[in-house]
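# Observations on the three-dimensional arrangement
Residues per chain are reported as follows:
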Amino acid sequence: MGRLQQKGKAGAAKAYVTRSAAVKKLQCSLADFRRLCILKGIFPREPRSRKKANKGSSAPTSFYYAKDIAYLAHEPVLKKLREHKAFAKKLSRALGRGEWSSAKSLEDNKPVYRLDHIIKERYPTFIDAVRDIDDALCMIFLFASLPSNSRVPPELIENCVRLSAEWQLYVMHSRSLRKSFLSIKGVYYQAEIMDQTVTWLVPYQFTQKIPADVDVRVMLTFLELYQTLLGFVFFKLYADRGLVYPPPLDIKKDEGGAGVGAFSLQDTSKTTGLALPKIKTVEIDGRTISSKDVRQTIKSINAATANLNADVEMAAPDANIEEADEDFVVHPSTNDHQISASLTTLKSLTDLPQSLSTTLFAPYTFWLSRETSRPIFEFLVRSFGGRIGWPTSSGSGSPVEESDDSITHVIIDRPLVVRTNETSEDRERRLRRKYVQPQWVVDCINAGKILLEEPYGQGKTLPPHLSPFGEVQGAYDPTIGLTSGEDEAEEESVDEEEVVAGSDNAALKAVAQVAASSEDPAALRAAELSAEAAGVDFGAFEKEVNKSRKASKKKAAEDSAEDAEKDMNKMMMSNKQKKLYEKMKYSQKKRDNERAVLEAKKQAIHKQKKREARTKG
């Protein structure tokens, strides 16, 4: 006879634990439990049967894996939280009794926990950490723009500002920026770090306000984890580049509003060379030998071995040439006589041209007008090798003055005004420079080349600014002109307008009514009467009716064949797959409708422009 199973001792009831049971098992508060789950990356799970997991109860609750809760029970941070709870009780008791000396000693020995071991557990390799810093960067830049209050201390905001400046310094130094997009939420950036794409959002420099309904404690817990993560990542990135981390901060420049310019990048080789080691002496066999003598002896040994291996070192370049000339040769297969495809090798990958030039703005010098955002465009221009200057109202530390003759572009975002009191020197300087709006910089980066400055001139209507982050296939693209079919339809409509002037709306309504109900004779007769009342020629009207009928029949035949095939395919799907398929089709239909509306608006604007041009001509 098999072993009897008790209810709630196996299956889902044992694999899952409710949140209240987890808090009771860990013997901590709900706030500490939330903090632990955020730091360790543990989140609620959805069991297949909530009733079985909750031991027959259907009450709404959150479930966690029992193994995750057992994993949390051995966490060192949990022990520190318990110690902090005991510390708070002792401190409040000492303050209540007026024991100031014991309260001060308790405050000096306050328990503090570290998150270094959690970072090593969650990110075993450095690539894993780089792949997961998108959210960390977004959170850091968000808190760097927030004002300080009772819930957000100023030291925290200062640390976030420092981390954001260190990240921008590294991206500018390594020329890792690839894309950018100016959106309503803020500025999106995308960089390529260690062959990993990192995308983050930077809010605009407006006065931010923390909403009252936002739980700042949860965000601060995430920020605590992200600060530790970015400290590890930045140290590794700076060390790989041979730079000192953290970069030194010039306090005078920082107080003057220099921003990123207040930090300076230093090479580790130069800094280590400045600090000379102390000379130590050791007595051996009655002789005093210093560390300087040891280093000189090592140098003489290295020089002697270099002379002995001189012939080998001279032969090394020939070996390198042979290695460079040697290439992978594709031999045809004896079984397959077709032309074999060329295999991708490391040499072919390194020979491929880069999709984006990292020295795009190197030949140019920019000047920022005072109404443009200095942190955004300083970061963009310097990331692609350009020089940039700004007025003193935007901060100190500008490397270029406004009267500098090397300035080639002026980034300006104000309307064009007539200058009356302009000297000849100022006019000559203005004609020598090119005045562009800020969108030109971002569009050049996304296009990977220098675009024409004329469409982005001061006071002009800008071309559409599109997202470079891979839109959905088939999405509306305003840069594409009208298709050939739309052009033909437009020409026919223009010809019809020449024949029948002043009756556009009535004729179009009649044709639309006929196309909608072409099989109804009453509707057809009503459409004929309305077209006749509008003054439309009967021949043109009949031509349009036949055309719409043919198009509707063709479309109906295609739709019926496609629907039959889709119904056959849907019969083989499960209920879950059918629901997912219906959701996909609904979203696709919604996108198609939005695209059709935008294209109709574009066609109407195009027609209106042509009419205005004809009336003027």
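Residues numbered from 1 in each chain as written. Predicted model: local features only at pLDDT ≥ 70, side-chain atom pairs only at ≥ 80, totals over all residues. Heavy atoms only, no water.

### Considerations on the nonpolar core
In terms of nonpolar packing, the biggest core is built from 87 residues, with F33, W167 and W200 touching the most fellow members. Residues within four places of F33 in sequence aside, it is in contact with R19, A22, V23, L26, C28, Y64, I69 and L72. Listed in part, the 6 residues of the second largest apolar core include W367, V400, I407 and I412. (Core = buried A, V, L, I, M, F, W, Y, C linked by side-chain atoms within 4.5 Å. Buried < 20%, exposed > 50% of the residue type's maximum accessible area, 1.4 Å probe, protein only. Contact = heavy atoms within 4.5 Å.)

### Here's the deal with the pattern of salt bridges
All chains considered together, the criterion is met by 20 salt bridges. Put simply, D108 and K104 hold a salt bridge, and the shortest N to O gap is 3.5 Å. A residue pair is termed a helical-turn pair when its members lie 3 or 4 positions apart in one helix, as D108 and K104 do in helix α7 (residues 100–108) at 4 residues. Here D108 falls in the exposed class, since its relative accessible area comes to 54%. Residue K104 is classed as exposed on the basis of its relative accessible area, which comes to 54%. A salt bridge links E453 to K434, with the shortest nitrogen-to-oxygen separation between them at 3.7 Å. Of the two residues, E453 is situated in the loop between α20 (439–447) and α21 (484–499) and K434 in strand β11 (residues 434–436); the sequence distance between them amounts to 19 residues. (Salt bridge = Lys/Arg side-chain N within 4 Å of Asp/Glu carboxyl O. Helix = DSSP H or I, 4+ residues; strand = E, 2+ residues; numbered from the N terminus.)

### Thoughts on the confidence of the model for the protein
Confidence in the prediction for the protein averages 79 pLDDT; 74% of positions are at 70 or higher. In the model, residues 305–326 has pLDDT below 50 throughout and makes 1 contact with residues more than four positions away in sequence or in other chains. Taken together, the stretch residues 494–503 has pLDDT below 50 and engages in 11 contacts with residues farther than four places along the chain or on a different chain. (pLDDT = per-residue confidence, 0-100.)

### Regarding the sheet that holds β11
With parallel pairing, 4 strands are arranged side by side in an open sheet as β9-β8-β10-β11. Of all strands in the sheet, those bounded by a partner on one side alone are β9 (387–389) and β11. The average undirected angle you get between the axes of adjacent strands in this sheet is 25°. Here strand β8 (residues 365–368) pairs with β9 via 3 bridges, running parallel. Opposite T365, over in β9, you have R387 as the bridge partner. (Pairing = 2+ DSSP bridges. Axes fitted to C-alpha atoms, helices over the stretch in contact; angles between N-to-C directions.)

### As for unusual backbone geometry
Residue Y245 is joined to P246 through a cis peptide bond whose omega torsion reads -5°. Non-glycine residue R175 carries a positive phi angle of around 55°. Inspection of the secondary structure assignment puts R175 in the loop between α11 (154–174) and β3 (177–182). Overall, R175 belongs to the partly exposed group, its relative accessible area being 27%. With phi around 55°, M194 is a residue other than glycine that occupies positive phi space. Assignment of secondary structure puts M194 in the loop between β4 (187–193) and β5 (196–202).

### A look at helix α18 (residues 374–383)
By the criterion of burial, α18 is predominantly enclosed, with 8 of the 10 residues buried. Within the sequence span of α18, burial applies to R374, I376, F377, E378, F379, L380, V381 and S383. Directly beyond the C-terminal end of α18, a positive phi value near 85° is found at G385.

### What about a positive patch on the surface?
A cluster of basic side chains, namely K85, K89, K90, R93 and R97, defines a positive patch on the protein surface. Summarising the element assignment, K85 is placed in helix α6 (residues 76–97). (Patch = residues over 30% accessible without salt bridge, like charges linked within 9 Å, V, L, I, M, F, W, Y side chains within 5 Å. Areas by Shrake-Rupley, 256 points an atom, 1.4 Å probe, with all protein chains shown as cover. Lys, Arg positive; Asp, Glu negative; His and termini not counted. Charge placed at Lys NZ, Arg CZ, Asp CG, Glu CD.)

### Side note on a negative patch on the surface
Taken together, the side chains of E558, D559, E562, D563, E565 and D567 make up a negatively charged region of the molecular surface. Judged by relative accessible area, which is 45%, D567 ranks as partly exposed.

### Structural notes on the layout of surface pockets
When its volume is computed, the largest pocket comes out at roughly 1,200 Å³. Forming the boundary of the largest pocket are 40 residues, of which Q168, Q205, S373, P375 and I376 lie nearest the centre. Among the elements of the structure, α10 (134–144), α11 and α18 are those that each provide at least two residues to the lining of the largest pocket. Residues that form the lining of the largest pocket fall into these classes: 20 nonpolar, 12 polar and 8 charged. (1 Å grid on protein atoms, 1.4 Å probe; cavity = no way out; pocket = protein on both sides within 12 Å on 5 of 7 lines; lining within 4 Å. Points joined across faces, edges and corners; volume = space filled by probe spheres on them. Nonpolar A, V, L, I, M, F, W, Y, C, P; charged D, E, K, R; others polar.)

### Brief notes about the pairing of β4
Strand residues, when the strand is regular, have side chains that alternate between the two faces of the sheet. The buried count for β4 comes to 5 of 7 residues, which makes it a mostly enclosed element. Where β3 folds back onto β4 in an antiparallel hairpin, the turn is made up of 4 residues. Both β4 and β5 contribute to a ladder of 7 bridges, which runs antiparallel. Residue Q190 lies in a different strand from β5, and its bridge partner there is T199.

### So, the packing of aromatic side chains
What characterises a pair of aromatic rings is the spacing of the ring centres plus the angle enclosed by the ring planes. Applying the stated criterion across every chain yields a total of 18 aromatic pairs. Judged by centre distance (5.3 Å) and plane angle (85°), the ring pair of F33 and Y64 falls under edge-to-face. In this pair, F33 is assigned in helix α3 (residues 30–40) and Y64 in strand β2 (residues 63–65), connecting sequence segments 31 residues apart. We note that F33, like Y64, is buried. Clustering of aromatic rings is evident, with ring pairs tying together W167, Y189, W200, F234 and F379. Directly above the aromatic system of F126 lies the positively charged group of K236, at a separation of 5.9 Å from the ring centroid. (Phe/Tyr/Trp six-rings, centres within 6.5 Å; stacked < 30°, edge-to-face > 60°. Lys NZ or Arg CZ within 6 Å of the ring centre and 35° of its normal.)

### Some remarks on the sheet that holds β5
With antiparallel pairing, the 3 strands of this open sheet are ordered in space as β3-β4-β5. A strand with exactly one partner marks an edge of an open sheet, and here the two such strands are β3 and β5. Taking each pair of neighbouring strands and ignoring which way they run, the sheet shows an average axis angle of 15°.

### Digging into the side chain of S183
Relative to the assigned elements, S183 resides in the loop between β3 and β4. One polar contact links the side chain of S183 to the main-chain amide nitrogen of K185, over a distance of 3.4 Å. Discounting residues that sit within four places of it in the chain, S183 has contacts with Y188 and Y204. (Polar contact = N/O pair within 3.5 Å; in protein donor to acceptor, adjacent residues only side chain to side chain.)

### Topic: the pairing of β3
As paired elements, β3 and β4 share 5 bridges and run antiparallel to each other. Across the sheet, the residue bridging to K179 is Q190, located in β4.

### Points about the packing of α6 against α7
With their axes 8 Å apart at the nearest point, α6 and α7 run at an angle of 155° to one another. With respect to their mutual orientation, α6 and α7 come out roughly antiparallel. In the packing of α6 onto α7, the handedness of the crossing is left-handed. Where α6 abuts α7, its residues F87, K90, L91, A94 and L95 lie against W100, S102, A103, L106 and E107. A class-by-class count of the residues in the contact of α6 with α7 yields 7 nonpolar, 1 polar and 2 charged. (Parallel < 35°, antiparallel > 145°, perpendicular 65-115°, else oblique. Left-handed = near helix turned anticlockwise from the far one by under 90°.)

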